[in-house]
Amino acid sequence: MALNTDRRTVDLSAFPDLVVIYLGMRVNELRGLKTLLKFGPKISKSVAEGPDGLLLHENMLFSVVPPHGGMRQYWRDFESLERWARSLPHKEWWAQFVRDTGGTGFWHELYFIHGGMEAVYLDMADHPLGFLNFASAEPARGAMFSARNRLKASGEAKVGAPVSEEELYDRG
């Protein structure tokens, strides 16, 4: 019997440090719809500016009820993603959003070509998804505060965090 499909694969050898990140925002309260809709144009503008290391950005719809949108991004390496996440405009968005999610839940899951994964979830405990469904949840504090720390990645971040743990939790 002949094959009736166009079966293909990809050669990722040119991307030895490839990182894939899924991000999502789910409406938890009515006011969250405004928050979700407000972020779309901001993300589109940021992607259009072509951040160094971003290979591809794809928008995704996870559910209509409740509204739950997101994206999948492919980055050349973790350093490029981290540098973008710790600089403007993302730095400003995150510093505000992490203090008040505006009636939404937010999450990201990060996957590396050579292994290693990490995730963070904000206001998603009532409706767990992904790793939250089978792995034990821990507060994102101390050694679990940043993606770099959760990954146990070597080296130091080249750019400071958008908001420090001390600032976020009003220590001191």
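Quick note: structure is the one above.
Scope of this entry: the structure provided in the associated data block. All values derive from a computational prediction rather than experimental measurement.

1. Overview of the pattern of salt bridges
Tallied over the entire structure, the rule returns 12 salt bridges. Residues joined in a network through salt bridges with shared partners are Asp-52, Arg-76, Asp-77 and Arg-83.

2. Here's the deal with the packing of aromatic side chains
This structure, assessed with the given rule, holds 12 aromatic pairs. Seen from their ring centres, Tyr-111 and Phe-131 are 6.0 Å apart, and the 65° between their planes marks the pair as edge-to-face. Of this pair, Tyr-111 sits in strand β4 (residues 104–112) while Phe-131 is found in the loop between β5 (117–122) and α4 (147–151), placing the two residues 20 residues apart along the sequence. According to the relative accessible area criterion, Phe-131 is buried, its value standing at 19%. Grouped by ring-pair contacts, the aromatic residues Phe-39, Trp-75, Trp-84, Trp-93, Trp-94, Phe-97 and Phe-106 constitute a single cluster. Here the basic side chain of Lys-42 rests over the ring of Phe-39, its NZ or CZ set 5.2 Å away from the ring centre.

3. Re unusual backbone geometry
Glycine aside, negative phi is the norm for most residues, and most peptide bonds take the trans geometry. A cis geometry characterises the amide bond from Val-65 onward to Pro-66, with omega recorded as -5°. With respect to the element layout, Pro-66 can be found in the loop between β2 (54–63) and β3 (68–75). Cis peptide bonds are those with omega within 30 degrees of zero, and the linkage from Leu-88 to Pro-89 qualifies with 10°. In this fold, Pro-89 is placed in the loop between α2 (78–85) and α3 (90–97). With phi around 55°, Asp-123 is a residue other than glycine that occupies positive phi space. With respect to the element layout, Asp-123 can be found in the loop between β5 and α4.

4. Overview of α2
The periodicity of an α-helix, 3.6 residues per turn, causes residues three or four positions apart to be oriented the same way. Burial analysis of α2 places six of its eight residues in the buried class, the great majority of the element. All of the buried residues along α2 are Phe-78, Ser-80, Leu-81, Glu-82, Trp-84 and Ala-85. Each element contacted by the buried residues of α2 is listed here: β1 (19–27), α1 (31–48), β3, α3, β4 and α4.

5. Looking at the pairing of β3
Here β3 lies mainly inside the structure; seven of its eight residues are buried. Taken together, the eight bridges between β1 and β3 define a ladder with antiparallel strand orientation. What sits directly across from Met-25, in β3, is Gly-69. Here β2 runs beside β3; their pairing, made up of eight bridges, is antiparallel. The residue bridging His-57 from the neighbouring strand is Gln-73, located in β3.

6. Some thoughts on the pairing of β1
Among the nine residues of β1, eight are classified as buried, and the element is accordingly described as predominantly covered. Relative to β4, β1 is paired through nine bridges, and the arrangement is antiparallel. When the bridges of β4 are listed, Val-19 appears paired with Phe-112.

Rules used throughout
- Residues numbered from 1 in each chain as written.
- Predicted model: local features only at pLDDT ≥ 70, side-chain atom pairs only at ≥ 80, totals over all residues.
- Heavy atoms only, no water.
- Salt bridge = Lys/Arg side-chain N within 4 Å of Asp/Glu carboxyl O.
- Phe/Tyr/Trp six-rings, centres within 6.5 Å; stacked < 30°, edge-to-face > 60°.
- Helix = DSSP H or I, 4+ residues; strand = E, 2+ residues; numbered from the N terminus.
- Buried < 20%, exposed > 50% of the residue type's maximum accessible area, 1.4 Å probe, protein only.
- Lys NZ or Arg CZ within 6 Å of the ring centre and 35° of its normal.
- Contact = heavy atoms within 4.5 Å.
- Pairing = 2+ DSSP bridges.

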